[in-house]
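# Structural overview for review
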Amino acid sequence: MGRILLKNGLIMDGTGEEAYQGDILIEGNRIQEVSAVPITVSDCKVLDCAGMAIAPGFIDAHSHYDQLVCLPNELDYTEPFIRQGVTTYVAGQCGYSPAGICGDYPPSLLLPNDQGIGPWNTYHEFFDNMRGFGMRQNLAMLAGHTTALSSAAGMTPQTPIPPADRKRTTTVLEEGMDAGCKGISFGLGYPPCKFMSDLEIREFAETAVKRGALIGVHSRVYNSAAPFLYGEEVSEPHNIRWHREFLGLFKNSGARIVISHMAFIGKASWLTYEPFFEMLNEYITDGGMDLWFDIYPYAMGATNVGLLLIPFFYDHLPSIYESKSLLAELQKRLAERFEDIGYPVSMMMLCNAYCGKYRPYQGMFLPDLLEKTGMSLAEFFVDLYRESKGAGTIYTLFDYPEEILPEMMKHPHALYGTDAWYEPGSHQNAGTYGGFAKFLRLARETDGLTMEQAVKHMTGLTADRYHLYGRGYLRKGYFADIVVFSPDSIAECATVENPDRYSKGIRHVFVNGSQIIHDGNLDIKSREGLIL
């Protein structure tokens, strides 16, 4: 790779401190020198960065790319992220991972592919496969608890979970961390983990707590009303109540927690934003808890259909597939549920059907789909679940009010991610193409938030939280993951309606010293990514 000198750039070093004019010398896969005084060397490639910002490579704090970077056509999936400056993915989120199997693997847990690749029994096998395959970007992992538990005990386990299944699950999580995972992740909103007791959650979490490893949490409740947990009792919004109870399990435990993809789903939940963060801040400041959360830049979430189906559906499997009366009752309950939380079906879209029957309807808003198929919402959800084996995904386009995103970005414990992935042959999540550029554009336009601070949230803070040593900052001896961009013009071009548009303003991108973007052009031969 030789030596490369970045000259005359505005250095945003990942600390959040004020940027300064300077040079950076790259030698091999490391940063050799960072200086506010001009660097003079011979026999060196020079890139003039005048008018450009130089920052650490962006770290996607919430990614599902562990399930996609192993595919032969992975460039289709990775290129949109490379072009927005992402050099590292933190994956294994929401309890899902393509490795860590101790029994049968339910297909609904894997972002499906038709290439017969994965899953892997152990993380050692997965990591060895990825090293042999060669990656364009770096990958850090959490060990997926949902994957481990479902393979040990099935999607509807006994309650409480039998000791043998608990032990097998715990062993897989420990083996994952032994192999290099940075911690574990829970998918508490998804089966089978949504059925676990607090005691079981705390027991599984101890595998990470005792190691000082991180715990990622896809929460059980992101909306203000969760009658399946709390009935009609509404003295406190249910999203606040559940998080208060969950965090209370870890008080004074030394646990390191990241709440995944912070959201306030449904319009009835939007008003809980301020009291929710008052509660969260109590645990951070008064309680001294090592507590963080990640955010995503478009109020556009993708979830599998199983999360949208209420407990009534699971209680009546499999008879509900053929029972008109049960489907009618489910329709009534879904309508009541969505009305209670302000969850308009008009703002839901079929993302990826993962089955031939509904593939022609991908990218269609659900009211139009239901009209064309002549189905009720319950009939469609249940049939999609059956046909796709639970893998069918739905976009929801109201995960939080857009105006609170800049406020969440300012929070000192916010980590920036996308929670997005490329969907072949389907409507895309705009975050796949525009996520980090949108964060930076908002930082440029938001009072009380500098671009340097935004860079810190997408680099240094995330590297520190996930123990990505030697990354996240522009420092001598650190790995040369670097992005050069225009601070004046960087912006997203992707919208919800037209999502597959590359961002503008990214000039150069380096991964471990290898230049993968040069003057906006992609080097498809560059494969210097590492397992972290």
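Rules used in this analysis
Residues numbered from 1 in each chain as written. Predicted model: local features only at pLDDT ≥ 70, side-chain atom pairs only at ≥ 80, totals over all residues. Heavy atoms only, no water. Core = buried A, V, L, I, M, F, W, Y, C linked by side-chain atoms within 4.5 Å. Buried < 20%, exposed > 50% of the residue type's maximum accessible area, 1.4 Å probe, protein only. Contact = heavy atoms within 4.5 Å. Helix = DSSP H or I, 4+ residues; strand = E, 2+ residues; numbered from the N terminus. Pairing = 2+ DSSP bridges. Axes fitted to C-alpha atoms, helices over the stretch in contact; angles between N-to-C directions. Polar contact = N/O pair within 3.5 Å; in protein donor to acceptor, adjacent residues only side chain to side chain. Phe/Tyr/Trp six-rings, centres within 6.5 Å; stacked < 30°, edge-to-face > 60°.

## Some details on the nonpolar core
One finds Ile215, Ile257, Phe381 and Phe485 to be the most contacted residues of the largest nonpolar core, which totals 155 residues. In this structure, Phe485 is in contact with Met12, Met52, Ala53, Ala55, Phe58, Leu440, Met451, Val455, Ile490, Gly505, Ile506 and Arg507, ignoring residues within four places of it in sequence. The next biggest cluster of nonpolar side chains, apart from the first, holds 15 residues, and it includes Met52, Ala480, Val484 and Phe510.

## Looking at helix H7 (residues 238-248)
Every buried residue of H7 is listed here: His238, Asn239, Ile240, Trp242, His243, Phe246 and Leu247. On the buried face of H7, the contacting elements are helix H5 (198-209), strand S11 (214-218), helix H6 (227-230), strand S12 (256-259), helix H9 (273-286) and strand S13 (290-295).

## A look at the sheet that holds strand S14 (residues 301-304)
Strand order in this open sheet of three strands is S14-S16-S15, and the pairing throughout is antiparallel. In the strand order of this sheet, the two ends are held by S14 and strand S15 (348-352), each with one partner. Each strand of the sheet is rotated relative to its neighbour by a mean of 35 degrees, with strand direction disregarded. Strand direction decides the pairing type here: S14 and strand S16 (residues 393-396), joined by four bridges, are antiparallel. By the bridge assignment for S16, Gly301 is matched with Thr396.

## With respect to the environment of Asp198
Among the secondary structure elements, Asp198 is positioned in helix H5. Separated by 48 residues in the primary sequence, Asp198 and Phe246 place their C-alpha atoms 7.7 Å from one another.

## Overview of the side chain of His261
With respect to the helices, strands and loops of the structure, His261 is situated in the loop between S12 and helix H8 (267-270). At a separation of 3.0 Å, a polar atom in the side chain of His261 contacts the side chain of His218. The residues touching His261, leaving out its near neighbours within four places in the chain, are His62, Cys94, His218, Tyr222, Asp294, Tyr296 and Asp419.

## Thoughts on the side chain of Gln515
Position of Gln515 among the secondary structure elements: in strand S20 (residues 514-518). Polar contacts involving the side chain of Gln515 include one to the side chain of Lys45, which spans 3.2 Å. A polar side-chain atom of Gln515 sits 3.2 Å from the main-chain carbonyl oxygen of Ile517.

## Brief notes about unusual backbone geometry
Note: most peptide bonds trans; most residues except glycine with negative phi. Of note, the bond from Pro191 into Pro192 is cis; its omega dihedral lies within 30 degrees of zero at 5 degrees. The residue Pro192 is located in the loop between strand S10 (183-187) and H5 in this model. Of note, the phi angle at His261 is positive, near 30 degrees, even though the residue is not glycine. Residue classification places His261 among the buried residues on the basis of a relative accessible area of 7%. Phi is positive for His467, close to 55 degrees, though the residue is something other than glycine. Positionally, His467 belongs in the loop between helix H18 (460-465) and strand S18 (482-485). When its relative accessible area of 30% is taken as the criterion, His467 is described as partly exposed.

## Some thoughts on the packing of aromatic side chains
The geometry of an aromatic ring pair comes down to the distance between the two centres and the angle between the two planes. Counted under the stated rule, the structure contains 32 aromatic pairs. Plain terms: the ring middles of Phe246 and Phe250 are 5.2 Å apart, the flat faces sit at 55 degrees to each other, and that makes the pair tilted. Phe250 shares its class with Phe246; the two are buried. Their ring planes at 25 degrees and their centres at 4.4 Å tell us that Tyr416 and Phe439 sit as a pair that is stacked. Pair noted here: Tyr416 is in strand S17 (residues 414-416) and Phe439 is in helix H16 (residues 431-445), with a separation of 23 residues, a long-range link. Classification of Tyr416 as buried rests on a relative accessible area of 0%.

## Overview of the sheet that holds S12
Spatially, six strands are ordered S9-S10-S11-S12-S13-S17 in an open sheet, and the strand pairing comes out parallel. This sheet does not close on itself; its edge strands, each paired only once, are strand S9 (143-144) and S17. Bridge count between S11 and S12: four bridges; the pairing is parallel. Paired with Gly216 across the strands is Val258, a residue of S12.

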